[in-house]
Amino acid sequence: MQLVIHAGVAFTDEGRLLQSLQANGRVFSKNGVDIPRPRRFKHSVWPVLQSLWTEPPSSALHEQLRRALPNNPDVKRTMLSSDEILGGITEAIHEGQFYPLAGQRLAYIDEVLQDTQIELFLAVRNPGVFIPKVLMSLTEDQRRAVFENTDLSCLSWLSMIEDIRDLAPNVKMTLWSNEDTPLIWGDILRLMGGFQDDVAFDDEYGLLSSLLRPTGQREVLSLIRQDPTPEKEDLRKDLSRILKDFAEPDKIEEEIELPGWSDDILSAFSELYEQDLAQIANMPEVRFLKP
């Protein structure tokens, strides 16, 4: 069996992926893909995963996790989605990096499920936006501790990714930039389910349309209803243009509430983020999705 883990990160998904997976549940189920519903994940799978963080991997934990996952010969892939698998919000910035527990947690899962191929799907986002959102989600004492123990200017996704590569080398990684998610939503779903490129999903362009003014929404509908459908590269170019021309500003521009977080700081992080994305895209052990 293959285990697919969608692990956020925080402030990149807001539950939309799980909603899309469940909305297309019949397609996934027909192709041997199991998607635990939130209640089943919360009560059966999550408690066992939490035990992994505090107990040494053991045959008992292996059996517990095995029982929590489907035992059905027709199930080829199981997909779990939670932005806390790599760490909760208090671990999102800790020990001088993003999600310092990520590599070890995935290593534990891999060790317990030795006969299972594990795939990690993860969106990263501009640290210039991610950092203040995390900090404003913490208590005042927690926020003060981060400021005292972390050089925020040195935070980068590269450290987290390198930890995962080093500690859990058998885990396959698929990453993308959260800012590109509306344009590659269908690709993410297809790759998570192990589908071919020609498999279509209900509301595949719903996330993109939700960010657009009515004129842009009509253009998207007109574009995807063309017969024949435009080639993938041409379609992406047109969708990118529509997003640029017709996006609702208040839906794509987030207000940063952290005092002192200036436009200059955001610009500096944005520049470093683009450099990191280019480096991630060239990592041989990482599949990086782009529009």
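Here the structure is a predicted model, which means the values were calculated and not measured.

What to know about the overall build of the protein chain
Turning to step 1, where the next piece is worked out: Along the protein chain, the regular secondary structure elements total 14 helices and 8 strands.
Turning to step 2, where the next piece is worked out: Its C-alpha atoms give the protein chain a radius of gyration of 20 Å, within 12% of the compact-globule value 19 Å for 291 residues.
Turning to step 3, where the next piece is worked out: Structurally, the protein chain occupies a C-alpha span of about 55 × 50 × 35 Å along its principal axes.
Turning to step 4, where the next piece is worked out: Out of the 291 residues in the protein chain, the part that is buried amounts to 49%.
Turning to step 5, where the next piece is worked out: Taking the intrachain contacts of the protein chain between residues at least 6 apart in sequence as the baseline, contacts between residues at least 24 apart amount to 78%.
Turning to step 6, where the next piece is worked out: On the protein chain, roughly 15000 Å² of surface is accessible, and the fraction owed to carbon and sulfur atoms is 45%.
Turning to step 7, where the next piece is worked out: Placing the 30 positive and 48 negative side-chain charges of the protein chain at their respective mean positions leaves the two points 7 Å apart.

Re the pairing of strand S1 (residues 2-6)
Turning to step 1, where the next piece is worked out: Buried residues dominate S1, accounting for 4 of its 5 residues.
Turning to step 2, where the next piece is worked out: Bridge analysis of S1 against strand S3 (residues 77-81) gives 5 bridges, and the strand direction is parallel. If you follow Ile5 over to S3, its bridge partner there is Leu80.
Turning to step 3, where the next piece is worked out: Pairing analysis gives 5 bridges linking S1 to strand S6 (residues 117-124), with the strands arranged parallel. Its bridge partner being in S6, Val4 is matched across the sheet by Glu119.

Structural notes on the packing of aromatic side chains
Aromatic ring pairs: the centre-centre distance and the angle between the two ring planes describe each pair.
Turning to step 1, where the next piece is worked out: Tallied over the entire structure, the rule returns 10 aromatic pairs.
Turning to step 2, where the next piece is worked out: When the centroid spacing of 5.3 Å and the interplanar angle of 85° are considered together, the rings of Phe98 and Phe130 count as edge-to-face. With a gap of 32 residues between them, Phe98 in strand S5 (residues 97-98) and Phe130 in helix H6 (residues 127-137) connect regions that are remote in the sequence. Each of the two residues, Phe98 as well as Phe130, counts as buried.
Turning to step 3, where the next piece is worked out: Judged by centre distance (5.0 Å) and plane angle (55°), the ring pair of Phe130 and Trp157 falls under tilted.

Here we look at the sheet that holds S6
Turning to step 1, where the next piece is worked out: Taken together, the 6 strands give an open sheet; going across it, the order is S2-S3-S1-S6-S7-S8, and neighbouring strands pair in parallel fashion. Each edge of the sheet is formed by a strand with only one pairing partner; in this case those strands are strand S2 (33-34) and strand S8 (286-289).
Turning to step 2, where the next piece is worked out: With 2 bridges connecting them, S2 and S3 associate as parallel partners. Looking at the pairing, Asp34 lines up with Thr78 of S3.

Here's the deal with the packing of helix H9 (residues 181-193) against helix H12 (residues 232-246)
Turning to step 1, where the next piece is worked out: The N-to-C vectors of H9 and H12 enclose an angle of 145°; their axes lie 10 Å apart at closest approach. Contacts between H9 and H12 involve Leu183, Ile184 and Asp187 on the former and, on the latter, Lys232, Arg236, Leu239, Ser240 and Leu243.
Turning to step 2, where the next piece is worked out: Residues of the contact of H9 with H12, tallied by class, amount to 4 nonpolar, 1 polar and 3 charged.

Focus on the nonpolar core
Turning to step 1, where the next piece is worked out: By size, the foremost hydrophobic cluster in this structure holds 59 residues, and its most contacted members are Leu49, Tyr99, Ile109 and Trp157.
Turning to step 2, where the next piece is worked out: The biggest single contributor to this core is helix H3 (residues 38-54), with 7 residues.
Turning to step 3, where the next piece is worked out: Not counting residues up to four positions away in its chain, the partners in contact with Trp157 are Val9, Phe98, Tyr99, Val124, Arg125, Pro127, Phe130, Tyr273 and Asp276.
Turning to step 4, where the next piece is worked out: Ranked by size, the runner-up nonpolar core spans 20 residues in total, among them Leu17, Met79, Ala123 and Phe201.

Let's talk about the packing of helix H11 (residues 214-224) against H12
Turning to step 1, where the next piece is worked out: One way to put it is that H11 packs onto H12 with a least axis distance of 9 Å and a crossing angle of 170°. By the angle class used here, H11 and H12 are roughly antiparallel. Between H11 and H12, the contacting residues are Thr215, Gly216, Glu219, Val220 and Leu223 on the first element and Leu235, Asp238, Leu239, Arg241, Ile242 and Phe246 on the second.
Turning to step 2, where the next piece is worked out: When its residues are assigned to classes, the contact of H11 with H12 shows 6 nonpolar, 2 polar and 3 charged.

Conventions adopted
Residues numbered from 1 in each chain as written. Predicted model: local features only at pLDDT ≥ 70, side-chain atom pairs only at ≥ 80, totals over all residues. Heavy atoms only, no water. Helix = DSSP H or I, 4+ residues; strand = E, 2+ residues; numbered from the N terminus. Rg over C-alpha atoms; globule rule 2.2 N^0.38 Å. Buried < 20%, exposed > 50% of the residue type's maximum accessible area, 1.4 Å probe, protein only. Contact = heavy atoms within 4.5 Å. Areas by Shrake-Rupley, 256 points an atom, 1.4 Å probe, with all protein chains shown as cover. Lys, Arg positive; Asp, Glu negative; His and termini not counted. Charge placed at Lys NZ, Arg CZ, Asp CG, Glu CD. Pairing = 2+ DSSP bridges. Phe/Tyr/Trp six-rings, centres within 6.5 Å; stacked < 30°, edge-to-face > 60°. Axes fitted to C-alpha atoms, helices over the stretch in contact; angles between N-to-C directions. Nonpolar A, V, L, I, M, F, W, Y, C, P; charged D, E, K, R; others polar. Core = buried A, V, L, I, M, F, W, Y, C linked by side-chain atoms within 4.5 Å. Parallel < 35°, antiparallel > 145°, perpendicular 65-115°, else oblique.

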